[in-house]
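# Architecture at a glance
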Amino acid sequence: AGAGAADAVLLLGSLALIGATCFAWWPALSFNMQQGGFFMDDAMILKNANVYEPLDWRRLLRTDYWGLEMFQQGAWTHKSFRPLAVLTFRWNY
């Protein structure tokens with residue numbers, strides 16, 4: 001009888017843990033991301049011409065994440081070269 005009771009306690013404990021985990025994660029999983037606005041560097045989507053203008057592969061490969069020219073003399077850029085990230089923004093735009 002001791003082994004059966006231990007199995008029942010283990011089963012109930014496991015179910016309680018799964019239930020608590022689902023309860024804790026429910027707000028994060030059900031939150032609709034479409035309702036939120038732009039946040040921090042998401043504003044880059046509105047400023048980078050590679051996102052909303054006709055695709056120019058040369059411009060995409062010579063500008064940084066923010067759409068700034070990386071090789072122009074005197075222009076400041078931190079050279080964050082992320083063309084795949086910019087393309088995914090473009091595909092979602």
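Summary of the structure given here. (Residues numbered from 1 in each chain as written. Predicted model: local features only at pLDDT ≥ 70, side-chain atom pairs only at ≥ 80, totals over all residues. Heavy atoms only, no water.)

### Overview of the overall build of the protein
The test is simple: For helices the rule is a DSSP run of H or I covering at least 4 residues; for strands it is a run of E covering at least 2, with both sets numbered from the N terminus onward. A simple rule labels every residue: compare its accessible area, found with a 1.4 Å probe on the protein chains alone, to the largest value its type can have, and call it buried under 20%, exposed over 50%, or partly exposed in between. Contacts between residues were defined by any pair of non-hydrogen atoms, one from each residue, lying within 4.5 Å. In these tables, accessible area is a Shrake-Rupley quantity obtained with a 1.4 Å probe, and a residue counts as shielded only by the protein chains included in the view.
If you tally the helices and strands in the protein, you get five helices and zero strands. Secondary structure elements of the protein, listed N to C terminal, follow the sequence α-α-α-α-α. Buried residues in the protein amount to 18% of all 93 residues. For the protein, the proportion of contacts with a sequence separation of at least 24, taken over those separated by at least 6, is 33%. Carbon together with sulfur atoms contributes 67% to the accessible area of the protein, which is approximately 7,500 Å² in total.

### Quick word on the side chain of Ser-80
Within the fold, Ser-80 resides in the loop between helix H4 (57–62) and helix H5 (83–92). Using a relative accessible area of 13% as the deciding quantity, one classes Ser-80 as buried. If near-sequence neighbours (up to four positions away) are discounted, Ser-80 is found in contact with Asp-64, Tyr-65 and Trp-66.

### Structural notes on H5
Defined as follows: The arc in question is the one spanned by the directions pointing from the helix axis to the C-beta atoms.
Every buried residue of H5 is listed here: Pro-83, Val-86 and Leu-87. All buried residues of H5 project into a common sector of 100 degrees when viewed along the axis, lining one side. Across H5 from its buried face, at more than 90 degrees, point the exposed residues Leu-84 and Asn-92. The inward-facing, buried residues of H5 contact helix H2 (44–47), helix H3 (49–52) and H4.

### Observations regarding the nonpolar core
One broad rule of soluble globular proteins: the nonpolar side chains tend to lie buried together. We apply this condition: The term nonpolar core refers to a set of buried residues drawn from Ala, Val, Leu, Ile, Met, Phe, Trp, Tyr and Cys, joined through side-chain atoms within 4.5 Å.
In this structure, Met-44, Ile-45, Val-51, Leu-60, Tyr-65, Val-86 and Leu-87 together form the largest nonpolar core, which totals seven residues. Elements that contribute at least two residues to this core include exactly H2 and H5. Ignoring any residue separated from it by four or fewer positions in sequence, one finds Met-44 in contact with Val-51, Tyr-65, Trp-66, Val-86 and Phe-89.

### So, the packing of aromatic side chains
Filter applied, for reference: When two rings of Phe, Tyr or Trp (its six-membered ring) have centres within 6.5 Å they constitute a pair, described as stacked for plane angles under 30 degrees, edge-to-face for angles over 60, and tilted for the intermediate range. By definition, being over a ring means that NZ of Lys or CZ of Arg is both within 6 Å of the ring centre and within 35 degrees of the ring normal.
Following the criterion strictly, the structure yields two aromatic pairs and no others. A centroid spacing of 5.2 Å and a plane angle of 90 degrees characterise the contact between Tyr-65 and Trp-66, whose relative ring orientation is edge-to-face. A cation over a ring is seen here: Arg-82 above Tyr-65, with NZ or CZ 3.8 Å from the ring centre.

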